[in-house]
Amino acid sequence: MHIAQFVHRYPPALGGAEAYTARLCDYFARCGDVVRVWTSSAIQLEEMWQRPRSESARNEGEKTPDVCLKLAPSIARYHPLHFHGRRYLLKALSLFPIRRWQCLTTPCNPVCPEMWDDAGRFSEPLDAVHATAFPYSFPIMCGLRLAQRRGVPFFLTPFLHLGDPTDPDDRTRRQYTKPHLRWLLQQADGVFVQTNLERDAAIGLGVPERRVFVQGLGVDSADCTRGNRSKTRAMWGVTPGEVVIGHLANNSVEKGTCDLLRAAERLWERGLQFRVVLAGPEMPNFQSFWETFRAKGRVTRMGVLTDEEKRDFFAAIDVFALPSRTDSFGLVLLEAWANRKPNLVYRAGGPAELVRDGIDGLHSRCGEIEELSVQLGRLVEDAELRRELGNSGFSRINREFQWADKLDLVRTVLQASRGEAFAKPLEERRLLPTQNDKVNIATRA
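Please read these numbers as outputs of a predicted model, since none were measured by experiment.

## Description of the overall build of the chain
The number of helices and strands found in the chain is 19 helices and 13 strands. Taken across its 445 residues, the chain has 58% of its residues classed as buried. Contacts spanning at least 24 positions in sequence make up 71% of the contacts within the chain whose residues lie at least 6 apart. Accessible area of the chain: about 18,700 Å², with a carbon and sulfur share of 50%.

So this is what it looks like as structure tokens:
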């Protein structure tokens, strides 16, 4: 097959959607497919909407050939548009209730005019277009444009973040189900989702059930196991018998980093002895929180990890905590299980479905710091509970979370679309409902 893949960022950029997209493209290439990746030149997240701190590593507007993991699909990197007052101008422009226009003008996007132009004139062989991920609608809209102009099917993996299912006004869910994003979902010939919760949400947002495919994600144990526990714990200054709570994410309010530290602080005040280790890039809202956080001496901050450091991280911790409001699945939860470590999550989004409360991890109600503190305390104090939950999660890895199965589903669906009347005519797309199609996702959850 000849496949065009659209994504907001691509490795070496860090992120779950970015890593998944690279793995998928690598799989396509291994199967003999010809893949062209369309992406922005942004490496750090904020570079999608503001100039990078150093321009020496990339030239403005340049499309640079690159490699995808072990094989080499061609990659076009487009420089996002940066200018003074960008956020305010795009915000004003996005208020016009034209869905295509809103997809192109939402401020969080990497707005790459050259990507849009190239999508309108690309003439190489093409069988299908696949795009990831919400809420970055500009590259997805470019992919839709290419698919419509070439008359090929358009597939979408949105990674919907559904937030707290008990809160009908959850901010995260509103962000990921805005009218222009709902419209994009409805244009897709196939939507790949990671959980049944996400499946129900997509159907509720207007996607016909026959076009929704539950995929899920996988884990390669070689990527995250066999780390050096003793060396790493010594480096962290962990005392004998001390429990270590690990957290690997974009350290931020949304990923639960601040809530985790608030919960830990309550336990430290009650006399429990344990250490928290944070890994991953730090977002501005976390950095602001850290400035006023009192118990800094009980927290180790690792920053971005190398592959070897990630293996050591999972080997050295005793519990993995991800009280996130913004995860459609949570790949790091599988990596914790691959190391026989229990997971602690909020009852929100994909982790709430993935982690079985009391079986392979523990839940807490979203935003309830006291309950999160209680559940964290149980794991700190009970080594047998940690062992049972971690082993239970480990037992699921080979049975449920193999990458070959997950990626083959995507390729099989794309192959089935070839030569069939799979792609909807433009006129039919425009007839799909875009107004007043509200759904109470919280009720479905």
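What follows continues from the structure just given.
## A short note on the sheet that holds strand β5 (residues 154–156)
Read from one edge to the other, the open sheet built from seven strands follows the order β3-β2-β1-β4-β5-β6-β7, with strand pairing classed as parallel. Looking at the sheet topology across the chains shown, the edges are occupied by β3 (74–78) and β7 (212–214). When strand polarity is set aside, the average angle formed by the axes of neighbouring strands in this sheet is 20 degrees. Sheet topology places strand β1 (residues 2–6) next to strand β2 (residues 34–40); five bridges connect them, and they run parallel. Across the sheet, isoleucine 3 pairs through a bridge with valine 35, a residue of β2.

## A short note on the nonpolar core
Grouped together as the largest cluster of nonpolar side chains are 53 residues, with contacts concentrated most on Phe313, Phe320 and Leu414. Of all the elements in the fold, those that place two or more residues in this core are α1 (16–30), β2, β8 (243–248), β9 (274–279), α12 (307–316), β11 (319–322), α13 (331–338) and α17 (403–416). At seven residues, the largest contribution of residues to this core is made by α1. Membership of the second largest hydrophobic core comes to 43 residues, among which are Val129, Ala188, Val193 and Leu205.

## Considerations on a nonpolar patch on the surface
Together, Leu81, Phe83 and Leu89 give the surface a local cluster of nonpolar side chains, amounting to about 240 Å² of exposed area. Tracing the sequence through the fold places phenylalanine 83 in the loop between β3 and α2 (86–93).

## What to know about the packing of aromatic side chains
Counted by the stated rule, this structure contains 18 aromatic pairs. A centroid spacing of 6.3 Å and a plane angle of 70 degrees characterise the contact between phenylalanine 329 and phenylalanine 401, whose relative ring orientation is edge-to-face. Of this pair, phenylalanine 329 sits in the loop between β11 and α13 while phenylalanine 401 sits in the loop between α16 (383–400) and α17, and the two are 72 residues apart along the sequence. Of note, arginine 145 hangs over the ring of tryptophan 116, and the distance from its end group to the ring centre comes to 4.2 Å. Lying over the aromatic face of tryptophan 290, lysine 296 brings its terminal NZ or CZ to 5.4 Å of the ring centre.

## A look at the sheet that holds β9
The six strands are arranged β10-β9-β8-β11-β12-β13 in an open sheet whose pairing can be described as parallel. Edge strands, defined here as strands with exactly one partner in the open sheet, are β10 (299–301) and β13 (361–364). Here the strands of the sheet are splayed against their neighbours by 20 degrees on average, with no regard to which way each runs. Pairing of β8 with β9 involves six bridges; the strand directions are parallel. The residue of β9 that forms the bridge with isoleucine 245 is valine 276. Across the sheet, α12 touches β8, β9 and β11, and the angle it forms with β8 is around 140 degrees.

## Quick word on the pairing of strand β6 (residues 190–193)
Residue alternation in β6 divides its side chains into two sets, Gly190 and Phe192 and Val191 and Val193, and both sets are buried. Direction of pairing for β5 relative to β6: parallel, over a ladder of two bridges. Bridge pairing links leucine 156 to valine 191 in β6. Two elements, β6 and β7, share three bridges in a ladder whose sense is parallel. Note that in β7 the partner of valine 193 across the bridge is valine 214.

## Some details on the environment of cysteine 224
Its place among the elements puts cysteine 224 in the loop between β7 and α9 (229–236). Discounting residues that sit within four places of it in the chain, cysteine 224 has contacts with Val219, Lys310, Arg311, Phe314, Glu335, Ala338 and Asn339.

## A word on the packing of α1 against α17
Following both chains from N to C, one finds α1 and α17 inclined at 70 degrees, their axes separated by 10 Å at the closest point. In this view, α1 runs roughly perpendicular relative to α17, as classed from their interaxial angle. At the point where α1 passes α17, the crossing takes the right-handed sense. Counted together, Tyr20, Arg23, Leu24, Tyr27 and Phe28 of α1 and Trp403, Ala404, Leu407, Asp408, Val410, Arg411 and Leu414 of α17 form the full contact between these two elements. Here the residues of the contact of α1 with α17 sort into nine nonpolar, no polar and three charged.

Calculation criteria
- Residues numbered from 1 in each chain as written.
- Predicted model: local features only at pLDDT ≥ 70, side-chain atom pairs only at ≥ 80, totals over all residues.
- Heavy atoms only, no water.
- Helix = DSSP H or I, 4+ residues; strand = E, 2+ residues; numbered from the N terminus.
- Buried < 20%, exposed > 50% of the residue type's maximum accessible area, 1.4 Å probe, protein only.
- Contact = heavy atoms within 4.5 Å.
- Areas by Shrake-Rupley, 256 points an atom, 1.4 Å probe, with all protein chains shown as cover.
- Pairing = 2+ DSSP bridges.
- Axes fitted to C-alpha atoms, helices over the stretch in contact; angles between N-to-C directions.
- Core = buried A, V, L, I, M, F, W, Y, C linked by side-chain atoms within 4.5 Å.
- Patch = residues over 30% accessible without salt bridge, like charges linked within 9 Å, V, L, I, M, F, W, Y side chains within 5 Å.
- Salt bridge = Lys/Arg side-chain N within 4 Å of Asp/Glu carboxyl O.
- Phe/Tyr/Trp six-rings, centres within 6.5 Å; stacked < 30°, edge-to-face > 60°.
- Lys NZ or Arg CZ within 6 Å of the ring centre and 35° of its normal.
- Parallel < 35°, antiparallel > 145°, perpendicular 65-115°, else oblique.
- Left-handed = near helix turned anticlockwise from the far one by under 90°.
- Nonpolar A, V, L, I, M, F, W, Y, C, P; charged D, E, K, R; others polar.

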